[in-house]
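One-letter residues, chain by chain:
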Amino acid sequence: MALNMTNFAAALKQHYTSQRIENMVYKDNPFLAMVSKYESFGGEELKLPIKYGIPQGRSASFSKALDNKTNTELKAFLLKRKANYSLADIDNETLEASKGNANAFIEAATTEIDGAIESATRSLAISLFGDGGGSIGVISGNPSGTDTVTLVTADDVTNFEVGMVLAAYSAATGGTIRAGVYRIGTVNRDTGVLTLVDTSTGGAATIDAAWSDGDFLVPEGDYDKMLSGLNAWVPETAPTSTDSFFGVNRSADATRLGGIRFDGSALPLEEALIGAASRAAREGGKPDVCFMNYSNFADLEKALGSKVSYVNIKVKPEIGFRGIEINGPRGVIKVIPDQNCPKDVAYMLDMSMWKLYSLGKAPKILDPDGLRFLRVSTADSVEVRVGYYAQLGCRGPGYNVRIALS
């Protein structure tokens, strides 16, 4: 009997075990690997209550204590899932050409499936540090009339891939879209320069005059649709009276509801970390992990010199990361480099407060009907769909610090 799609799907099920996908997802993304997971986020939304104030019916005078009674102050974040998809097409002729060689047959398919999983994983790992807006870089200079874009921060180049289609917006969230979308033709990972091409022809592009210095670059379709990451839960600027975050105005107590902001830009790196740890301790926090960009991590290594103390963190027997230990006022803090963390920003976290809530695993192969391959109706090919439905949540924002570094 000829090999058919059902038989091939069965072979893929054996090859793509949950363990295999987890290894692919977690091995190079420390925060994604280390954050706790809750994979039963069904229903419309998830209620995450936060206590940010205690009763204030207290006084040395009984009558005044009676007069000034207040209740416990509570808010509830109403988390909503965000969807993300990564699709891969596999040409049928390629599959047929491998018939009779089972190993090559599966490898031909897994090349594309692995790529789709990695693409979804990178998007998830990057968004865990983001603000929900989907921006992955900022334009430096005026690119209009040329075919190249230079990034303000060259380290952000890790967020970009050849073939990615980009749009530009006037603000990180809630902004105006600029005219024109373009595909990345080449990436210079030394200089942070992207060469763009026409999305239809692949030929040379001339960037629209609307694209300008300071615009935010976003993969097409992502703007204001990504999950709310660390920069949303602990934003750079304290929440104000107009704030609305999962149904909560956090300005009632911008620290306990919106995290701690510590400016360490004028301090040596190691002093900035100790200062941030002390600030968290003052608020009752016990941060145990600090994530930062590889460039900042290298600066910390050099600054500590012979005093550096390394630590190995095991997430799973086959997945681990290396970091540096520093002593905070409430215990040891592990500093871990994560390529997804923006440069010159560090997040010092109490990891027990954080959880990635998802509907099933994130990411996963989307096969609700049990078929991992779908026939493409307009082409001689099959499609594999990878994706996730997830949201990041925090039970105690006020125990976590966003650190501005020099």
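Residues numbered from 1 in each chain as written. Predicted model: local features only at pLDDT ≥ 70, side-chain atom pairs only at ≥ 80, totals over all residues. Heavy atoms only, no water.

**Observations regarding the pattern of salt bridges**
Operational definition: Think of a salt bridge as a Lys or Arg side-chain nitrogen and an Asp or Glu carboxyl oxygen that are within 4 Å of each other. Note on conventions: DSSP H or I runs of at least 4 residues are helices, E runs of at least 2 residues are strands, and numbering of each starts at the N terminus. Burial here depends on accessible area, computed with a 1.4 Å probe over protein chains only, as a share of the maximum for the residue type. Under 20% is buried, over 50% is exposed, and the range in between is partly exposed.
Applying the stated criterion to the full structure yields 11 salt bridges. One salt bridge connects Glu39 with Lys361, and the closest N-O pair in it is separated by 3.5 Å. Of this pair, Glu39 sits in the loop between β1 (36–38) and β2 (46–53) while Lys361 sits in the loop between β17 (354–358) and β18 (364–365), placing them 322 residues apart in sequence. Its salt-bridge partner being Lys80, residue Glu44 comes within 3.7 Å of it at the nearest N-O pair. Pair noted here: Glu44 is in the loop between β1 and β2 and Lys80 is in the loop between β3 (73–79) and β4 (82–91), with a separation of 36 residues, a long-range link. The class of Glu44 is exposed, set by a relative accessible area of 62%. Three or more residues are tied together by salt bridges with common partners; here these are Glu44, Glu45 and Lys80.

**Section: the sheet that holds strand β21 (residues 401–404)**
Spelled out, the test is: In this description, strands pair whenever DSSP reports at least two bridges between them. A fitted line through C-alpha atoms serves as each axis, taken over the contacting stretch for helices, and the angle formed by two N-to-C directions is quoted from 0 to 180°. By definition in these notes, contact holds between two residues if any of their heavy atoms fall within 4.5 Å.
If you trace the 7 strands from one edge of the open sheet to the other, you get β11-β21-β16-β12-β15-β14-β13, paired in mixed fashion. Across the chains shown, the open sheet's two edge strands, defined by having one partner strand only, are β11 (260–263) and β13 (310–316). Strand after strand, the sheet turns through a mean of 30° between neighbouring axes, direction not considered. The strands that helix α9 (residues 269–282) touches are β11, β12 (289–292), β14 (319–328), β15 (331–337), β16 (345–349) and β21; relative to β11, the one it contacts most, it runs at about 150°. The strands that helix α10 (residues 294–304) touches are β12, β13, β14, β15 and β16; relative to β14, the one it contacts most, it runs at about 50°.

**What about the pairing of β21?**
With 4 bridges joining them, β11 and β21 adopt parallel strand pairing. For Asp263, the partnering residue across the bridge sits in β21 and is Ala404.

**Quick word on α9**
Keep this limit in mind: Expected span, for any helix, means 1.5 Å times one less than how many residues it has.
In a regular helix each residue adds 1.5 Å, so 14 residues correspond to 20 Å; α9 covers 20 Å between its end C-alpha atoms and thus fits that length. When α9 is considered as a whole, its buried residues turn out to be Leu269, Ala272, Leu273, Ala276, Ala277, Ala280 and Ala281. Backbone geometry just downstream of α9 places Gly284 in the positive-phi region, at approximately 90°.

**Focus: α10**
Rules: In this description, the arc belongs to the directions extending from the helix axis to the C-beta atoms. Counted as a polar contact is a pair of N or O atoms within 3.5 Å, where, for protein atoms, one must be capable of donating a hydrogen and the other of accepting one, and residues adjacent in sequence contribute only when both atoms are in side chains.
When α10 is considered as a whole, its buried residues turn out to be Asn296, Phe297, Leu300 and Leu304. In a view along the axis of α10, the buried residues occupy a sector of 105°, so they form one face of it. Where α10 is buried, its residues contact α9, β12, β14, β15 and β16. For α10, the N-terminal capping position is held by Asn293, with its side-chain oxygen 2.7 Å away from the main-chain nitrogen of Ser295. The positive-phi residue at the C-terminal boundary of α10 is Gly305, with phi of around 55°.

**Here we look at the layout of surface pockets**
To keep things clear, this is the line we draw: Cavity means a closed set of points on a 1 Å grid over the protein atoms alone, one where a 1.4 Å probe fits but cannot get out, pocket means an open set with protein on both sides within 12 Å along at least 5 of 7 lines, and lining means a residue has an atom within 4 Å of a point. Grid points are joined across faces, edges and corners, and a volume is the space filled by probe spheres set on the points. Residues are grouped as follows: Ala, Val, Leu, Ile, Met, Phe, Trp, Tyr, Cys and Pro are nonpolar; Asp, Glu, Lys and Arg are charged; every other residue, Gly included, is polar.
Reported here for the second largest pocket is a volume of approximately 270 Å³. Ile50, Lys51, Tyr52, Arg256 and Tyr399 are the residues nearest the centre of the second largest pocket, which is lined by 14 residues in total. Looking at which element gives the most residues to the lining of the second largest pocket, the answer is β2, with 5 residues. Here the residues of the lining of the second largest pocket sort into 7 nonpolar, 3 polar and 4 charged.

**Focus: unusual backbone geometry**
For the peptide bond that leads from Ala362 to Pro363, omega is -10°, which places it in the cis range. The residue Pro363 is located in the loop between β17 and β18 in this model. Even without glycine at this site, Asp224 takes up a positive phi of about 60°. Assignment of secondary structure puts Asp224 in the loop between β10 (216–219) and α7 (230–233). Residue classification places Asp224 among the partly exposed positions, given a relative accessible area of 34%. In the Ramachandran plot, Asp344 falls in the positive-phi region, its phi being about 65° despite a non-glycine side chain. One can find Asp344 in the loop between β15 and β16.

**A closer look at the packing of aromatic side chains**
Counted only if it meets this: For Phe, Tyr and Trp, where Trp contributes only its six-membered ring, two rings pair if their centres lie within 6.5 Å, and the inter-plane angle classes them as stacked under 30 degrees, edge-to-face over 60, or tilted in between. Either the NZ atom of lysine or the CZ atom of arginine qualifies as a charge over a ring when it sits within 6 Å of the ring centre and within 35 degrees of the ring normal.
What the rule picks out here adds up to 14 aromatic pairs. Each ring, one from Phe77 and one from Phe245, has its centre 5.9 Å from the other, and the planes form 75°; the classification is edge-to-face. Residue Phe77 is located in strand β3, and its partner Phe245 is located in the loop between α7 and α8 (254–258); the two are separated by 168 residues in the primary sequence. The pair formed by Phe77 and Phe245 is uniform in burial state, with each residue classed as buried. Through successive ring pairs, a cluster of aromatic residues spans Phe77, Trp233, Phe245, Phe246 and Trp354. Arg81 extends its terminal NZ or CZ atom over the ring of Phe41, reaching a point 4.9 Å from the ring centre.

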